[in-house]
Amino acid sequence: MSYDTGMVRQRWLLCVLVLIAWLTTSNTVLAQDAPEIPVPLPSPTPTPSPVPEPQAGPADAEQTPVPEQAPAVDDPSAEDAGEEAPPDNESGEVPEGEEETNPGDMAFTDYEPFELDDIEPEPINTKWGNFVSGLRGIARYNLFDGKLKFRLGARGQVDATAGNGGDKYEELYAPIDYGFNLRRFEVYSIGRLNKFNFNFAFEFGPDWGVSDAWVEGAEGGLEVWGKYLGKLRVGWMGEPFSLERQTSAYNIGFLERSLPVQTIAPGSNIGVMVHDSGPEGRFTWAAGIFSVGQHNDNNASTSLLSLTGRATYRPLYLNEGRNLIHVGLSLSSRSPSGGDTRYRSRPEARFVDYLIDTGPIEASHITLVGVEFAAVRGPLWMAAEYVHSDVSAQLAGDPTFRGTYAKVGWFLTGESKRYRANSGIFARQRPLKKYKKGNPFKKKSGGAWELVGRLSRVDLTNGLVEGGELTDISAALNWYINATTRVELNYVYASPKNQGAANILLLRLQYQPW
């Protein structure tokens, strides 16, 4: 599908602008403040309440027996109030793998928790209206006597790009096009069929295709010789690699992911993955076998067979996540499809051409390593990663490609970066109060403002390969209008080594229903 032709681009742009304008001005619940639902945390193991001892009474009085404490039952309202219901056994411990997972609580997703029991059957004559409302935000369905319950929604991003390069840059690269483009428009469904949770999403845009299509058991998980290993997920999914790659593209603080992540980190593939988290989400792990992959911004993510895993640890978590430290490690062993691999990178702007490129490399094996660190302290947050790829390619001198980035953010209005403990990723952000009217730069008007800076670099020159080096210095100003709508302004200074430099200005309007 090409978006270079004027007619196609104008039609897409017109449709999306009309849709976004309607969504952001519609006086519906979708533009209101999001429900106060906490970021999902694995339920801690509470200490059983002590049974009170019987009171001593007169000798002739009949002693009243103390009734046994009845096991507690999970109460959805308790979760909404931010309270934890005690586990359903005498020892105070929930057996591993027996907890029931709500679709909104599933790891490595950016959907908010929702209760399936709240989805009631509807008369058949309302189904079309429900579908239409789903395109506006979120619709919920209950079919086949409650055996199938799911949520349907749509979200999207529209970008504007402008920029120019110096004389040397413009001699070597195509000029930067000015214009509006559809970055992505995604229709998704998440829910449960019998005892299986599922997630399906299809993306329209320059990287069009299925972005998610997998199922996962709502209860239990994978057991080997009686030992519980974790939850089992099967289908088309993102490989567990990199903090920024696993964090949704709607929640990364910039319009695009950093240079080393978009260039080296693997994308979405068909596979089988086992994952879980420890008590209170202090640590997480995910590992899987993947094959028949797709290119990720045309990076080297394709592989006939890949073994990929990621582990995270959270040594500090205080004040409901307003103060935390996160560390992680990712590994991947890959067999390139057809024996060829290729690394290339754009600046952190999707509609600007590639600036560095290794060309095809005949390789027999690839090993990826990623190290990550993140921290939150009140309204301040930061994240950094180092990623490298060892390529077994004798004719190319067995090159090693590497890259790193560091970014720092500050919420001017006092919010704190939200963290999803069961996945070890950053969660979607919401303002303390939605924007109502008036001067958006005044605190009383509502909304949230965020400043973010990032330095990233990737080096594709090593061995006998001269792919080039690229460094980006980026800044972002983000305005969170409410829980669903955001405006982002990015500036990128892109500097390919010895090839000049370019100044790029990007603007995005994003809509993501709660």
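The model shown is predicted, which means the values in this text are computed figures rather than measured ones. (Residues numbered from 1 in each chain as written. Predicted model: local features only at pLDDT ≥ 70, side-chain atom pairs only at ≥ 80, totals over all residues. Heavy atoms only, no water.)

A few words now on the overall build of the protein chain. Scanning the protein chain for helices and strands turns up six helices and 24 strands. Burial status across the protein chain gives 51% buried among its 514 residues. Intrachain contacts of the protein chain at a sequence separation of at least 6 include 63% that bridge at least 24 residues. Accessible surface computed for the protein chain: about 24,300 Å², of which carbon and sulfur atoms make up 59%. (Helix = DSSP H or I, 4+ residues; strand = E, 2+ residues; numbered from the N terminus. Buried < 20%, exposed > 50% of the residue type's maximum accessible area, 1.4 Å probe, protein only. Contact = heavy atoms within 4.5 Å. Areas by Shrake-Rupley, 256 points an atom, 1.4 Å probe, with all protein chains shown as cover.)

Attention now moves to the pattern of salt bridges. Taken as a whole and judged by the stated rule, the model has 18 salt bridges. Its salt-bridge partner being E372, residue R310 comes within 2.7 Å of it at the nearest N-O pair. Here the residue R310 occupies a position in strand β10 (residues 305-318), and E372 occupies one in strand β16 (residues 365-377), the gap between them amounting to 62 residues. Given the relative accessible area of 4%, R310 is considered buried. Bridged by salt links that share partners, the residues D159, R183, D207, E256, R350 and R508 form one connected network. (Salt bridge = Lys/Arg side-chain N within 4 Å of Asp/Glu carboxyl O.)

Right, let's get into the nonpolar core. Core analysis: the largest hydrophobic core is formed by 49 residues, its most contacted members being Y343, V391, F426 and I504. Not counting residues up to four positions away in its chain, the partners in contact with V391 are T341, Y343, I361, A363, H365, I366, D398, P399 and F401. (Core = buried A, V, L, I, M, F, W, Y, C linked by side-chain atoms within 4.5 Å.)

Time to look at the side chain of R428. Within the secondary structure layout, R428 lies in the loop between β20 (425-426) and β21 (448-462). Since its relative accessible area comes to 3%, R428 is described here as buried. A polar contact is formed between the side chain of R428 and the backbone oxygen of Q512, at a distance of 2.8 Å. (Polar contact = N/O pair within 3.5 Å; in protein donor to acceptor, adjacent residues only side chain to side chain.)

Moving on, we get to empty space enclosed by the protein. Enumeration over the complete set of coordinates arrives at seven cavities of 30 Å³ or more. If you add up the space inside the largest cavity, you get close to 60 Å³. If you go around the largest cavity, the residues you meet are R428, Q429, Y480, N482, A483, T484, T485, R486, Q510 and Q512. Considered class by class, the residues forming the lining of the largest cavity number two nonpolar, six polar and two charged. The volume enclosed by the second largest cavity comes to roughly 50 Å³. L243, E244, T247, N251, I252, W381, A383, Y405, K407, K417 and F426 together form the lining of the second largest cavity. At the level of secondary structure, the elements contributing two or more residues to the lining of the second largest cavity comprise α5 (243-246), β17 (380-392) and β18 (400-411). The residue makeup of the lining of the second largest cavity, split by class, is six nonpolar, two polar and three charged. (1 Å grid on protein atoms, 1.4 Å probe; cavity = no way out; pocket = protein on both sides within 12 Å on 5 of 7 lines; lining within 4 Å. Points joined across faces, edges and corners; volume = space filled by probe spheres on them. Nonpolar A, V, L, I, M, F, W, Y, C, P; charged D, E, K, R; others polar.)

Glancing now at unusual backbone geometry. Positive phi, normally seen in glycine, also occurs at W225, with a value near 55°. Residue placement: W225 occurs in the loop between β6 (222-224) and β7 (227-238). A residue is classified by how much of its surface remains accessible, and W225, at 86% relative accessible area, is exposed. Phi at E280 is positive, roughly 60°, even though this residue is not glycine. Along the chain, E280 falls in the loop between β8 (268-277) and β9 (283-291).

Inspection of every chain in the model, using the stated rule, returns twelve aromatic pairs. Here the aromatic rings of F441 and W449 are separated by 4.8 Å at their centres, their planes lie at 20°, and the arrangement is stacked. You can call F441 exposed: its relative accessible area is 64%. Aromatic rings pair up to connect F185, F202, F204 and W208 into one cluster. Positioned over the ring face of Y317 is R314, at 3.9 Å from the centre of the ring. Above the plane of the ring of Y354 lies R344, whose end atom (NZ or CZ) is 4.1 Å from the centre. (Phe/Tyr/Trp six-rings, centres within 6.5 Å; stacked < 30°, edge-to-face > 60°. Lys NZ or Arg CZ within 6 Å of the ring centre and 35° of its normal.)

On the surface, a nonpolar cluster with roughly 600 Å² of combined accessible area is contributed by L455, I473, L489, Y491, Y493, L505 and L507. In terms of residue count, strand β23 (residues 485-496) provides more of the nonpolar patch than any other element does, three residues in total. Relative to the assigned elements, L455 resides in strand β21. (Patch = residues over 30% accessible without salt bridge, like charges linked within 9 Å, V, L, I, M, F, W, Y side chains within 5 Å.)

This paragraph deals with the environment of T484. Within the secondary structure, T484 sits in the loop between β22 (465-480) and β23. Residue class for T484 comes out buried when judged on its relative accessible area of 5%. Along the primary structure T484 and R428 are separated by 56 residues, whereas in three dimensions their C-alpha atoms are 9.7 Å apart.

This brings us to the pairing of strand β24 (residues 502-511). Walk down a regular strand and you will see the side chains alternate between the two sheet faces. Two elements, strand β2 (residues 148-165) and β24, share ten bridges in a ladder whose sense is antiparallel. The residue of β24 that forms the bridge with A162 is L505. Relative to β24, β23 is paired through ten bridges, and the arrangement is antiparallel. Bridge pairing in β24 places Y493 opposite N503. (Pairing = 2+ DSSP bridges.)

In this sheet, strand β11 (residues 323-335) lies alongside β10 in antiparallel orientation, the contact comprising twelve bridges. Along β11, the bridge assignment pairs L316 with I325. Where β10 folds back on β11, the antiparallel hairpin that results is connected by four residues, among which N319 adopts a positive phi of roughly 55°. Relative to β16, β11 runs antiparallel, the two sharing twelve bridges. What sits directly across from N323, in β16, is R377.

Mapped onto the secondary structure, S242 falls in the loop between β7 and α5. Sequence separation of S242 and S330 is 88 residues, and the distance between their C-alpha atoms is 6.3 Å. Once residues lying within four places of it in the same chain are set aside, the contact partners of S242 are V261, A265, R310, S330, E372 and E385. Among the polar contacts listed, one links the side chain of S242 to the side chain of E385, at a separation of 3.0 Å.

Another point: the confidence of the model for the protein chain. Taken over all residues, the pLDDT of the protein chain has a mean of 80, while the share at 70 or more is 71%. Note on residues 54-98: pLDDT under 50 across the span, and 41 contacts to partners over four residues away in sequence or across chains. (pLDDT = per-residue confidence, 0-100.)

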